[in-house]
Amino acid sequence: MARVTEHGGGVWSLEVPIPDNPLGHTLVHVLDTGRGPVLVDTGWDDPASWTALSDGLAELGLAVADVHGVVVTHHHPDHHGLSGRVREASGAWIAMHAADIAVVRRTREARPGAWLDYLAGKLAAVGAPEEHLAPLLAARESGRMRTLPGLRAALPDREIAPGELLDLAGRRLRAIWTPGHTPGHVCLHLEEDHPANLPGRGRLFSGDHLLPGISPHVGLYEDPDDSTVTDPLGDYLDSLERIGRLGAAEILPAHQHAFTDAPARVRELLAHHEERLTGLLALLAAPLTPWQLAERMEWNRPWDEIPYGSRNIAVSEAEAHVRRLVKLGRAEAVPGSDPAAYVAVGRPGG
């Protein structure tokens, strides 16, 4: 039996499981509209996830075939994974921000092995040891690329514009571009009175941007052919502040549970990242590569216990934090270092 939660005012959430993931599930939100139900995210592309989505809709007296549209907060497979299958079953449109559509298109069109080539090159550039690169290179040679999630994700057919009031009959759902977790992450502001009359401005489907008890991963999603140096952490912090000022009465995130007092949660996350940046500056008293920095940072478990794939995510987050420090003038690259090492600015004796 799928777990369904009614949030009032024609809004429900369905728990759609994520296989072999500590997050457990994605909260897929169902929004009743004059043209039929619209989903906010769809969940992971997995048979058990599809069953949960179908069963959850059935509890509401609906079928997947009834779905009118899918609004995807961002391209990650636990959000966008089932979108294509929903579209095949219903003829629904799929909407996503252009920056994440570009990631989906790039992934779909890349030659076999291109993503592994890019990842191996990136990891080598940030100082990953040879023993970490070896499995990637072996996977590249064996052609195991097809086993990775998201390689054939559905290409959305509608582009979400920042600030757009989406074309949903009888509802006021406005897109707010909140880059950081991904380049095209969007939150969706339901500009309607709260059904329980909670004080504030409507409700916000926050995707992974604002979660009640987790600090979302902020890493790098770059076009290998584009040399622009991005600052995803800076983007995320700016987006957080905008969401805090929105004053939504209730937040409906894609993981964990609904919550109120978004400004307080935003303050917690801003303080968390400032504390982390300050801690990284202390580590950068001596030159370190992003990989060496990731090894020394505090995670939810010791570095030796972090699984292989999670280390790639961790070092991506370390590099995003380093870029923020460089942009703020608080750290700099060591000239001539290869792989690139960074050091705090204004260090003793510097």
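In the block above lies the structure referred to throughout.
Residues numbered from 1 in each chain as written. Predicted model: local features only at pLDDT ≥ 70, side-chain atom pairs only at ≥ 80, totals over all residues. Heavy atoms only, no water.

> Help me understand the overall build of the chain, please; the structure alone is not making it clear to me.
Scanning the chain from terminus to terminus reveals ten helices and 13 strands. In summary, the chain has a C-alpha radius of gyration of 21 Å against a globular reference of 20 Å for 350 residues, a match within 12%. Going through the 350 residues of the chain one by one, you find that 49% of them count as buried. At a minimum sequence separation of 6, the contacts of the chain that also span at least 24 residues come to 66%. Surface exposure of the chain reaches about 15,800 Å², of which carbon and sulfur atoms provide 51%. Looking at the chain, you have 32 positive and 47 negative side-chain charges, and the mean spots of the two groups are 3 Å apart. (Helix = DSSP H or I, 4+ residues; strand = E, 2+ residues; numbered from the N terminus. Rg over C-alpha atoms; globule rule 2.2 N^0.38 Å. Buried < 20%, exposed > 50% of the residue type's maximum accessible area, 1.4 Å probe, protein only. Contact = heavy atoms within 4.5 Å. Areas by Shrake-Rupley, 256 points an atom, 1.4 Å probe, with all protein chains shown as cover. Lys, Arg positive; Asp, Glu negative; His and termini not counted. Charge placed at Lys NZ, Arg CZ, Asp CG, Glu CD.)

> Which parts of the structure should I look at to understand the sheet that holds strand β9 (residues 186–190)?
Whether parallel or antiparallel, the strands of a sheet pair through hydrogen bonds between backbone atoms. In spatial order, the strands read β8-β9-β10-β11; together these four strands make up an open sheet with mixed pairing. Of all strands in the sheet, those with a lone pairing partner are β8 (173–177) and β11 (250–253), marking the two edges. Shown here is a sheet whose adjacent strand axes are inclined to one another by a mean of 25°, direction ignored. Summarising the sheet, strand β10 (residues 203–207) and β11 pair through four bridges and their orientation is parallel. Residue pairing across strands places Phe-205 opposite Leu-252, the latter belonging to β11. (Pairing = 2+ DSSP bridges. Axes fitted to C-alpha atoms, helices over the stretch in contact; angles between N-to-C directions.)

> It is not clear to me how helix α10 (residues 308–327) should be interpreted in this structure. Could you clarify?
For an α-helix, the turn length of 3.6 residues means that residues three or four places apart are oriented alike. In this model α10 runs 29 Å from its N-terminal to its C-terminal C-alpha over 20 residues, within 8% of the 28 Å that 1.5 Å per residue would give. Positioned one or two residues after α10, Gly-329 has a phi angle of 75°, which is positive. (Expected span 1.5 Å × (residues − 1).)

> Would you take a moment to explain helix α6 (residues 130–142) for this structure?
Taking 1.5 Å of rise per residue, the 13 residues of α6 would be expected to cover 18 Å, and the 18 Å separating its terminal C-alpha atoms lies within 8% of that figure. In this fold, the buried residues of α6 make contact with α5 (114–125), α9 (290–296) and α10.

> Help me understand the sheet that holds strand β6 (residues 93–97), please; the structure alone is not making it clear to me.
Read from one edge to the other, the open sheet built from seven strands follows the order β1-β2-β3-β4-β5-β6-β7, with strand pairing classed as mixed. Looking at the sheet topology across the chains shown, the edges are occupied by β1 (4–6) and β7 (158–160). Taking the axes of each pair of neighbouring strands and ignoring which way they run, one obtains an average angle of 25° across the sheet. Both β6 and β7 contribute to a ladder of three bridges, which runs parallel. In the sheet register, Ala-95 faces β7, and the bridge partner there is Arg-158. Contacts from helix α3 (residues 83–90) reach β4 (38–40), β5 (69–71) and β6 within the one sheet, and its direction differs from that of β6 by about 150°.

> Which parts of the structure should I look at to understand the nonpolar core?
Nonpolar side chains in soluble globular proteins tend to be buried together. Residues Leu-123, Leu-204, Leu-210 and Leu-284 are the most contacted members of the largest nonpolar core, which totals 45 residues. Put simply, the parts of the chain that give this core at least two residues each are α5, α6, α7 (232–246), α8 (262–283), α9, α10 and β13 (342–344). Residues within four places of Leu-210 in sequence aside, it is in contact with Leu-240, Ile-243, Ile-251, Pro-253, Phe-259, Ala-262, Arg-265, Val-266 and Leu-269. Counting residues in hydrophobic clusters, the runner-up holds 22 residues, among them Val-16, Leu-57, Val-67 and Ile-94. (Core = buried A, V, L, I, M, F, W, Y, C linked by side-chain atoms within 4.5 Å.)

> Can you help me understand the side chain of Arg-276 in this one?
Here Arg-276 lies in helix α8. Exposure remark for Arg-276: the relative accessible area of 15% places this residue in the buried category. Among all residues touching Arg-276, those that are not within four sequence positions of it are Met-297, Glu-298, Trp-299, Glu-317 and His-321.

> What should I look at first to understand the packing of α5 against α10 in this one?
Each pair of packed helices gets described by two things: the angle between the helix axes and the distance between those axes. Running from N to C, α5 and α10 point in directions that differ by 55°, and their axes come no closer than 11 Å. In terms of axis orientation, α5 runs oblique to α10. Between α5 and α10 lies a crossing whose hand is left-handed. Taking contact as the criterion, the partners of Leu-119, Lys-122 and Leu-123 in α5 are, on α10, Asn-312, Val-315, Glu-319 and Arg-323. Taken together, the residues that form the contact of α5 with α10 break down as three nonpolar, one polar and three charged. (Parallel < 35°, antiparallel > 145°, perpendicular 65-115°, else oblique. Left-handed = near helix turned anticlockwise from the far one by under 90°. Nonpolar A, V, L, I, M, F, W, Y, C, P; charged D, E, K, R; others polar.)

> How do you make sense of the pattern of salt bridges when you look at a structure like this?
Any two side chains of opposite charge can pair if their charged atoms end up close together. As enumerated under the stated definition, the model contains 14 salt bridges in all. Across the pair Glu-274 and Arg-330 runs a salt bridge whose closest N-O atoms are separated by 3.2 Å. Of this pair, Glu-274 sits in helix α8 while Arg-330 sits in the loop between α10 and β12 (331–333), placing them 56 residues apart in sequence. The class of Arg-330 is partly exposed, set by a relative accessible area of 25%. (Salt bridge = Lys/Arg side-chain N within 4 Å of Asp/Glu carboxyl O.)

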